[in-house]
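Single-letter residue listing:
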Amino acid sequence: MGEVDDDARRKDLAALGDRVRACTLCRLHEGRAHAVPGEGPLDPPVLLVGEAPGREEDASGRPFVGAAGRVLDKALRAAGLPRDAVFVTNVVKCRPPGNRAPKADEMEACRPYLLAQIELVRPRILVTLGTSGLRSLLGPGPDLKAVRAKALRLGETPLVPTYHPAAVLYNRTLERGLTADLRKVARMLTPEKPRVRSESPRKGKPSRMTISSGGIVADPEGRILLLKRADEDIWCIPKGTVEEGESLEATAVREIQEETGLRVKLLRPLLTIHYGYYWPPGDMNYDKTVAYFLAEPVGGRLKLEGGFDASRWASRREALRLLHWKNDRDVVTKAFEILEASRG
Ligand code: SF4
């Protein structure tokens, strides 16, 4: 019964997406390249409601893929909420000209789509990003400043209002507030929910390919930098997803800086590793490829991103003892072979 219900909901959600793509209910359809219905799994921990697609979203048909999307991804990562596990959509599904705010009649015309999505997707918590999401769902009353991070409700579902990631681009001081609010959302989820771990790939599940890049940062004493993930309590190596148009090298440098605060120079490639896993929140298998580089710090100060609660400069023996994943241990073994050979 559950699977039948899920299949029906998936079909209804896809049909809703088709209706949005063909919609001409308000003037915003006139200037769009693509409508952006939104995306994410059914029954997610969180459904995020932004304001409207921007230029890159309009060009791609996908939500939060531009600069604001990168801010959002970073804040989600820091809160321990993987982007793949959450559903992301907007108050209006078509880009307003010149990225102006959507008008009241446009929000009203598009609101039934948003409400239908919420009903079909069934998130545990709703998060509105910026004022438009808050007003579209709760009406013109609440002021974002006054209610920010409070757990309001839409029917039975808790609703947490926070800043829009695009606002962070204009005022970087808001980034801390956005991350703190998402962390609060993550804490609201944890009391009843067992920790989610990836599992072996499951037959018959849809599969998605992802490419990541990361690095072993070695200090002048020949030790390497390990990070401890706060959510899973395991030691690992800095890495993250390659963004559109980004090279593996640029991703490794960016991810290391975001996760550790250190600016690094890449010295050479180490290993490329492929593996597959099933991720329960997305009900999906992932085929993952990760490229690793050897790197040395050239600046910055060690300051961990929110998803990590400890770091350590480790010897070979210590690293191999602490690292949780065999793939990480293989990369570290290769790194130490090179480091030791270079010291003669
Ligand atoms: S913004 Fe919403 S209501 Fe307006 S045309 Fe696009 S999908 Fe239709």
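## Digging into the overall build of the chain
Thinking step 1. Check the secondary structure of the chain and you find 11 helices and 12 strands.
Thinking step 2. Computed over C-alpha atoms, the radius of gyration of the chain comes to 21 Å, within 12% of the 20 Å expected from 2.2 N^0.38 for 344 residues, which places it in the range of a compact globule.
Thinking step 3. Taking the principal axes of the C-alpha coordinates as reference, the chain spans close to 70 × 45 × 40 Å.
Thinking step 4. Burial status across the chain gives 38% buried among its 344 residues.
Thinking step 5. Considering only residue pairs separated by 6 or more positions, the chain has 75% of its internal contacts joining residues 24 or more positions apart.

## A look at the site of the ligand
Thinking step 1. For the ligand, the set of nearby residues contains 14 residues, the closest of which are Cys 23, Cys 26, His 29, Cys 94 and Cys 110.
Thinking step 2. Of the residues forming the shell around the ligand, the biggest block, three residues, is contributed by helix α4 (residues 104-121).
Thinking step 3. Considered class by class, the residues forming the shell around the ligand number 10 nonpolar, two polar and two charged.

## Observations concerning the domain arrangement of the chain
Thinking step 1. The domain boundaries assigned to the chain delineate domain 1 (7-189) and domain 2 (207-342).
Thinking step 2. Here domain 1 and domain 2 have C-alpha centroids that lie 31 Å from each other.
Thinking step 3. Elements that contribute at least two residues to the side of domain 1 that touches domain 2 include exactly α3 (67-78) and α8 (174-189).
Thinking step 4. Per-element accounting of the side of domain 1 that touches domain 2 gives the leading share, four residues, to α3.
Thinking step 5. Class assignment for the residues of the side of domain 1 that touches domain 2 results in seven nonpolar, two polar and five charged.

## So, the pairing of strand β11 (residues 284-300)
Thinking step 1. In the sheet, strand β6 (residues 207-217) pairs with β11 via 11 bridges, with the strands oriented parallel. Directly across from Ile 211, in β11, lies its bridge partner Thr 289.
Thinking step 2. When strand β10 (residues 262-279) meets β11, the two strands line up antiparallel, connected through 16 bridges. By the bridge assignment for β11, Tyr 278 is matched with Asn 285.

## Points about the sheet that holds strand β4 (residues 152-154)
Thinking step 1. The five strands are arranged β2-β1-β3-β5-β4 in an open sheet whose pairing can be described as mixed. The open sheet has two edge strands with one neighbour each: β2 (87-90) and β4. The mean angle between the axes of side-by-side strands here comes to 30 degrees, regardless of whether they run parallel or antiparallel.
Thinking step 2. Direction of pairing for strand β1 (residues 46-50) relative to β2: parallel, over a ladder of four bridges. Looking at the pairing, Val 49 lines up with Thr 89 of β2.
Thinking step 3. Against the sheet, helix α5 (residues 131-138) makes contact with β1, β3 (125-129), β4 and β5 (157-162), and its axis sits at roughly 130 degrees relative to β3, the strand it touches most.
Thinking step 4. The strands touched by α8 are β1, β3 and β5; relative to β5, the strand with the most contacts, the crossing angle is about 165 degrees.

## Side note on the pairing of strand β7 (residues 224-229)
Thinking step 1. Taken together, the six bridges between β7 and strand β12 (residues 308-314) define a ladder with antiparallel strand orientation. The partner of Leu 225 across the bridge, within β12, is Trp 313.
Thinking step 2. Counting the residues in the hairpin turn of β7 and strand β8 (residues 234-236) gives four residues, including Asp 233, whose phi is positive at 60 degrees.

## What to know about α3
Note on helix geometry: an α-helix contains 3.6 residues per turn, so any two residues three or four positions apart are oriented the same way.
Thinking step 1. For α3, which comprises 12 residues, the first-to-last C-alpha distance of 17 Å matches the rise-based estimate of 16 Å (1.5 Å per residue) to within 8%.
Thinking step 2. With nine of its 12 residues buried, α3 lies for the most part within the structure.
Thinking step 3. Restricting attention to buried positions, one finds in α3 the residues Ala 68, Gly 69, Val 71, Leu 72, Lys 74, Ala 75, Leu 76, Arg 77 and Ala 78.
Thinking step 4. For α3, the elements touching its buried residues are α7 (165-170), α8 and α9 (248-260).
Thinking step 5. Backbone geometry just downstream of α3 places Gly 80 in the positive-phi region, at approximately 75 degrees.

Definitions and cut-offs
Residues numbered from 1 in each chain as written. Predicted model: local features only at pLDDT ≥ 70, side-chain atom pairs only at ≥ 80, totals over all residues. Helix = DSSP H or I, 4+ residues; strand = E, 2+ residues; numbered from the N terminus. Rg over C-alpha atoms; globule rule 2.2 N^0.38 Å. Buried ≥ 20, exposed ≤ 12 C-beta atoms within 10 Å, placed from the backbone. Contact = placed C-beta atoms within 7 Å. Near = placed C-beta within 6 Å. Nonpolar A, V, L, I, M, F, W, Y, C, P; charged D, E, K, R; others polar. Domains from an automatic or database assignment. Pairing = 2+ DSSP bridges. Axes fitted to C-alpha atoms, helices over the stretch in contact; angles between N-to-C directions. Expected span 1.5 Å × (residues − 1).

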